[in-house]
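Chain and residue survey
These are the residues of each chain, in order.
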Amino acid sequence: MAWAIEVSAHATDKVLDALGSEGELERLHDHERKLRRASESCALAVLRGLRQDLPADQLPVPAESVTNVRDVVRFDIPLDKVLRAMWMSHVHTYETLLAELERALAPAEWAGTVRRVSDLAFTYVDVFAQYAAREYEAERERWLGSVAAVRRRMIDEILAGHPVSVADAEGVLAVRLKQHHVAAIVWPYESDTADASDAAAVIDRLRRTATALAQAVQAPALLAVPGEEAALWVWLCWKEPPPGDTVPRLRETLPSDLRMALGPVDRGLEGFRRSHLRAREAERVARTAGAHQTCDYSEVAVVSLLTANRELARWFIEDTLGELGSPDTKTAELRETLRLYLAFGHSRKAAAERLHIAPTTVAYRVKRAETLLHRELGSDELQLRLALEISGLVTTDR
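Along each chain, residues carry numbers from 1 onward, in the same order as the chain's sequence is written. Whole-chain, interface and lining totals are the exception, using all residues; otherwise, since this is a predicted model, local features are given only for residues with pLDDT of at least 70 and side-chain atom pairs are given and counted only at 80 or more. Where side-chain values are given, they derive from all heavy atoms of the structure, hydrogens and water being excluded.

1. Some remarks on the overall build of the chain
- Secondary structure elements are defined from DSSP: runs of H or I of at least 4 residues count as helices, runs of E of at least 2 residues count as strands, and each element is numbered from the N terminus. Secondary structure summary: the chain contains 16 helices and six strands in total.
- Residue contacts are counted whenever heavy atoms from the two residues lie within 4.5 Å of one another. Sequence separation of 24 or more characterises 71% of the internal contacts of the chain that already satisfy a separation of 6 or more.
- Values of accessible area rely on a 1.4 Å probe in the Shrake-Rupley scheme; residue burial ignores everything except the protein chains shown. As displayed, the chain offers around 20,200 Å² of accessible surface, 52% of which is attributable to carbon and sulfur atoms.
- Each charge class in the chain can be summarised by its mean position, and for the 51 positive and 60 negative side chains these summaries are 5 Å apart. The convention is simple: Lys and Arg are positive, Asp and Glu are negative, and His and the chain ends are not counted. Charge coordinates come from a single atom per side chain, which is NZ of Lys, CZ of Arg, CG of Asp or CD of Glu.

Structure below.
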């Protein structure tokens, strides 16, 4: 599994580098995680087939790959580009696997093993490509000509910051864009769906939930379109600024098996865009951290900014926390204690109450944290506090 994850990351990088500059796939750089997961799933399917000696037609088509095929239809990416990307990823994985086998096998085993690997791998990619092509065409027929497609194209233009006529946009979206907006993204805890009918049922349920949310906060207008990763993009609209208890009401109304990310209240065409893009950031943080059913952008704005570049964020944590940045459970416990201790103005009592432990335990953990930091807490603690705030998010995604 570790090998498949590593090789798939390199395969995804090769696909994005090779095809991303050609225009159609440039937008997929924003979906690197989804592409990598699809590549991992296919690599693991081949490895399982080899381990269990299964024929290629009995290997599953991963749900992640099916979801990706549906997404690229909505990005209007041609089928030949999709199949070329699949082929590039497959060839990289195959060549890397052969190199591993050459190092690991005795010469007498080499020819027979390579023949077995080649037969399975290339038969599987052929079966997979045929399935992907059928799914692509079926999704394309569903998507093109639908009202959702027209609306999504208009929304994509707005979100990309392209010049858009407000009157034209209002005609397509059927909402008054000069009003106040709160953007929300709603998705199920288990969002990967292999069957198209199941995916449609999920979206239908999310639409009903969006209607209930609008009623709960008395939003006169509602716009909801399918987003990505089995999510629904929602805009709640008011002529006047929404009530102050809007977010608590939304939290109370959301069913327990769904998750939600919220953008801030904003106004006008640009506010429509800003609120959604911030909700997207809250969704990214929520999906990565896995915490809280509802993630309000206002609660994670700093974390969002600090983790926009994952690699730079990781380096920042390593430079600031040193040994205290270790991902093991005990060290994470020390980090959380120190985070709360600093957040509560060096109050052992307040941190202890939040953690349900004794103040003496807080004192002990803070001392242990100082030991791992190789320094005592000083007056300038901003950098340390920022590193502690994002450490859980970044170490979770390692």
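2. A few points about the nonpolar core
- Note on terminology: a nonpolar core comprises buried Ala, Val, Leu, Ile, Met, Phe, Trp, Tyr and Cys residues joined through side-chain atoms within 4.5 Å. In this scheme, a residue with accessible area under 20% of its type's maximum is buried, one over 50% is exposed, and one in between is partly exposed, where area comes from a 1.4 Å probe on protein chains only. In this structure, Leu173, Trp235, Leu324 and Leu338 are the most contacted members of the largest nonpolar core, which totals 50 residues.
- Setting aside chain neighbours within four positions, we find leucine 173 in contact with Arg151, Met154, Ile155, Ile158, Leu223 and Phe272.
- By size, the runner-up hydrophobic cluster in this structure holds 32 residues, among which are Val46, Leu50, Leu79 and Ala132.

3. Comments concerning the pattern of salt bridges
- Should a side-chain nitrogen of Lys or Arg be within 4 Å of a carboxyl oxygen of Asp or Glu, the pair is scored as a salt bridge. Within this structure, the stated rule accounts for 17 salt bridges.
- With a shortest N-O distance of 3.4 Å, arginine 365 and glutamate 333 are connected by a salt bridge. Of this pair, arginine 365 sits in helix α15 (residues 359–373) while glutamate 333 sits in helix α13 (residues 329–343); the two residues are 32 residues apart in sequence, bridging distant segments of the chain.
- Its relative accessible area of 13% is what places arginine 365 among the buried residues.
- Assessed through its relative accessible area of 33%, glutamate 333 is described here as partly exposed.

4. Regarding the pairing of strand β1 (residues 180–188)
- The element β1 is extensively covered by neighbouring structure, given that nine of its nine residues are classed as buried.
- Here β1 shows no split at all, with His180, Val182, Ala184, Val186 and Pro188 on one side and His181, Ala183, Ile185 and Trp187 on the other all buried.
- In this structure, β1 lies alongside strand β3 (residues 232–238), joined through seven bridges in antiparallel fashion. Following the sheet pairing, alanine 184 is matched in β3 by valine 234.
- Any two strands with at least two DSSP bridges between them are considered paired. Two strands pair when backbone bridges link them, and β1 and strand β4 (residues 258–262) are joined in this way by five bridges, in the antiparallel orientation. Across the sheet, alanine 184 pairs through a bridge with leucine 262, a residue of β4.

5. Structural notes on the packing of aromatic side chains
- Planes of paired rings set the category: under 30 degrees apart is stacked, over 60 is edge-to-face and the rest tilted, where pairs are Phe, Tyr or Trp rings (Trp by its six-membered ring) whose centres lie within 6.5 Å. The tally for this structure, following the rule as stated, stands at four aromatic pairs.
- Between tyrosine 94 and phenylalanine 122, the aromatic rings sit 4.7 Å apart at their centres with planes inclined by 70°, giving edge-to-face as the arrangement. Pair noted here: tyrosine 94 is in helix α4 (residues 79–104) and phenylalanine 122 is in helix α5 (residues 107–143), with a separation of 28 residues, a long-range link.
- We classify phenylalanine 122 as partly exposed; its relative accessible area is 31%.
- Geometrically, the ring pair formed by tryptophan 235 and phenylalanine 272 is stacked, given 4.3 Å between the ring centres and 5° between the ring planes. Of this pair, tryptophan 235 sits in strand β3 while phenylalanine 272 is found in helix α10 (residues 268–289), placing the two residues 37 residues apart along the sequence.
- Of the residues examined, tryptophan 235 reaches a relative accessible area of 0% and is grouped as buried.
- Residue classification places phenylalanine 272 among the buried residues on the basis of a relative accessible area of 0%.

6. Examining the packing of helix α6 (residues 147–159) against helix α7 (residues 166–173)
- Orientation is described by lines fitted to C-alpha atoms, with helices fitted over the stretch in contact, and by angles between N-to-C directions that extend from 0 to 180 degrees. Interhelical geometry of α6 versus α7 gives an angle of 145° and a closest axis separation of 9 Å. Crossing angle aside, the handedness with which α6 passes α7 is left-handed. On α7, the residues touching Val150, Arg151, Met154, Ile155 and Ile158 of α6 are Asp168, Ala169, Val172 and Leu173.
- All amino acids are sorted into three groups, where Ala, Val, Leu, Ile, Met, Phe, Trp, Tyr, Cys and Pro are nonpolar, Asp, Glu, Lys and Arg are charged, and the leftover types, Gly among them, are polar. Among the residues forming the contact of α6 with α7, the class breakdown is seven nonpolar, no polar and two charged. Take the far helix as your reference; a near helix turned counterclockwise from it by less than a right angle gives a left-handed crossing, and one turned clockwise gives a right-handed crossing.

Any functional reading would require information that these geometric values do not contain.
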